[in-house]
Amino acid sequence: MAETKSHCIWREMSAEFAGTMILILFGVGVVAQVVAGGYGDHDSITWAWGLGVTLGVYTAARISGAHLNPAVTLALATFKGFPWRKVVPYWVAQLLGAFVAALIVRWNYTEVLGKVDPGHTIKTQGVFSTLPGNGTLPIGTWGAFRDQIIGTAILLFLVLALTDVLNLPPLANLAPLMIGLLVVAIGMAWGTAAGYAINPARDLGPRFASYLTGYDTAWRDQYGNLYFWVPILGPFIGGLLGAWLYHLLIGRHLTPETVVEGTPTGTVALDAEASPPVLPEGGSEPGK
C-alpha cells in the first residue's frame, strides 16, 4: 500500500509540474514578448494568461486535478477534503514547474532582454514577477497586498462555483475553458494594482529564476522594499477567504435535492451529481 501511495503522489506531482509549466510558459512568455519585444499589449497578456491556464488544466486535470496554484491546493484541503498529506508535495511540484518554465523563457528571450535592458533592472523585472502598480503606478506594498487578497478570493469563489457538481458546472469538459476565461476577466478587471499574480508559485518560481539569471533586485519592488512576500501571503489569505465565502453563501445550500422551480438549474445539478467529473479528489482548478 505504501508503494502504491508513493507512486500515486509522484504521478500527481508530475502532472502538477507539467500543468504549471505550461501555464507559465504562456504567461511569462507573453509578458516577455510585450515588454521586451514590443509586440502586443495588456489585452494580449490577459488572453495568453487565460489560455495558459486552460491548457495547463487540460494537461494535468485527469491525473492531479490541475490545481496549478498553492492557494488553490490550500483552499481545497481546507474546505473540499483534499488530503493534507498531499499539500506540500503539490506546492513543491507547482513551484518547480513555474521555476523551470521561467528559466526557459529567460533563456529564449536572452538577446531581446539584453538589448532592451542590459542591466536587468526593474524595467524588465516585471516580465518574471509582479510589482505594485506594475512598477509604474502609485501603489504601495499594502495596496498591492489588499489587491492580492481580493483577486485570489474572486478566483477561488468562482473556481468552486464552476467545479461544484451540485451547482451548475460547465458540461462537456468545458470547465478548464471557463476557468481560463475567469483568469482573463480577473486580468482585465483586477490587473492594475499588483499585476494579478493570484498564485504564489506563479510569482515565486519566476522571481527566483530571474534572480539566478541576473536580476539582483528580484526580491524588491521599484521603491526598494522587500516585496516578494506580498504575492505569496496575499493569495493564501484571499484563497481561503474566497473558498469560505463560497461555502457560506452558496455551497452549504446545495444538496442533491436542490431544485429551483421554473428553472433547469435543479435538474442540471442532479444530472451532474449522477455523473461526477473524472477529476481526482479535490476537484479541478487552475490558478494563474
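Residues numbered from 1 in each chain as written. Predicted model: local features only at pLDDT ≥ 70, side-chain atom pairs only at ≥ 80, totals over all residues. Heavy atoms only, no water.

**Some points on helix H3 (residues 70–79)**
Here is step 1: Counting buried positions along H3 gives eight out of 10 residues, so the element sits mostly inside the fold.
Here is step 2: What H3 keeps buried is the set Pro70, Ala71, Val72, Thr73, Leu74, Ala75, Leu76 and Ala77.
Here is step 3: In this structure, the buried side of H3 is in contact with helix H4 (87–108), helix H7 (141–163), helix H9 (200–212) and helix H10 (230–249).
Here is step 4: Regarding H3, its N-cap is asparagine 69, as a side-chain oxygen of that residue lies 2.9 Å from the backbone nitrogen of alanine 71 further along.
Here is step 5: Looking one or two residues beyond H3, the residue adopting positive phi is glycine 81, at roughly 80 degrees. (Buried < 20%, exposed > 50% of the residue type's maximum accessible area, 1.4 Å probe, protein only. Helix = DSSP H or I, 4+ residues; strand = E, 2+ residues; numbered from the N terminus. Contact = heavy atoms within 4.5 Å. Polar contact = N/O pair within 3.5 Å; in protein donor to acceptor, adjacent residues only side chain to side chain.)

**So, the confidence of the model for the protein chain**
The predicted coordinates should not be examined in detail at positions where pLDDT is low.
Here is step 1: Predicted confidence across the protein chain gives a mean pLDDT of 90, with 88% of residues reaching 70 or more.
Here is step 2: Segment residues 261–286: pLDDT under 50, and 60 contacts once partners within four positions in sequence are set aside and those in other chains are kept. (pLDDT = per-residue confidence, 0-100.)

**Re the layout of surface pockets**
Here is step 1: Space inside the second largest pocket adds up to approximately 400 Å³.
Here is step 2: In terms of lining residues, the second largest pocket is bounded by 21 residues, among which Val31, Val35, Ile45, Gly126 and Asn134 are the most central.
Here is step 3: Breaking the lining of the second largest pocket down by element, the ones donating at least two residues are helix H1 (2–35), helix H2 (42–64) and helix H6 (122–125).
Here is step 4: Among the elements that make up the lining of the second largest pocket, the one with the highest residue count is H2 (three residues).
Here is step 5: Grouping the amino acids of the lining of the second largest pocket by side-chain chemistry returns nine nonpolar, nine polar and three charged. (1 Å grid on protein atoms, 1.4 Å probe; cavity = no way out; pocket = protein on both sides within 12 Å on 5 of 7 lines; lining within 4 Å. Points joined across faces, edges and corners; volume = space filled by probe spheres on them. Nonpolar A, V, L, I, M, F, W, Y, C, P; charged D, E, K, R; others polar.)

**With respect to the packing of H3 against H10**
Here is step 1: Following both chains from N to C, one finds H3 and H10 inclined at 40 degrees, their axes separated by 9 Å at the closest point. The orientation of H3 with respect to H10, classified from their angle, is oblique. Handedness of the H3/H10 crossing: right-handed. Facing H3, whose interface residues are Pro70, Ala71, Leu74, Ala75, Thr78 and Phe79, H10 presents Pro235, Phe236, Gly239, Leu240, Ala243 and Trp244. (Axes fitted to C-alpha atoms, helices over the stretch in contact; angles between N-to-C directions. Parallel < 35°, antiparallel > 145°, perpendicular 65-115°, else oblique. Left-handed = near helix turned anticlockwise from the far one by under 90°.)

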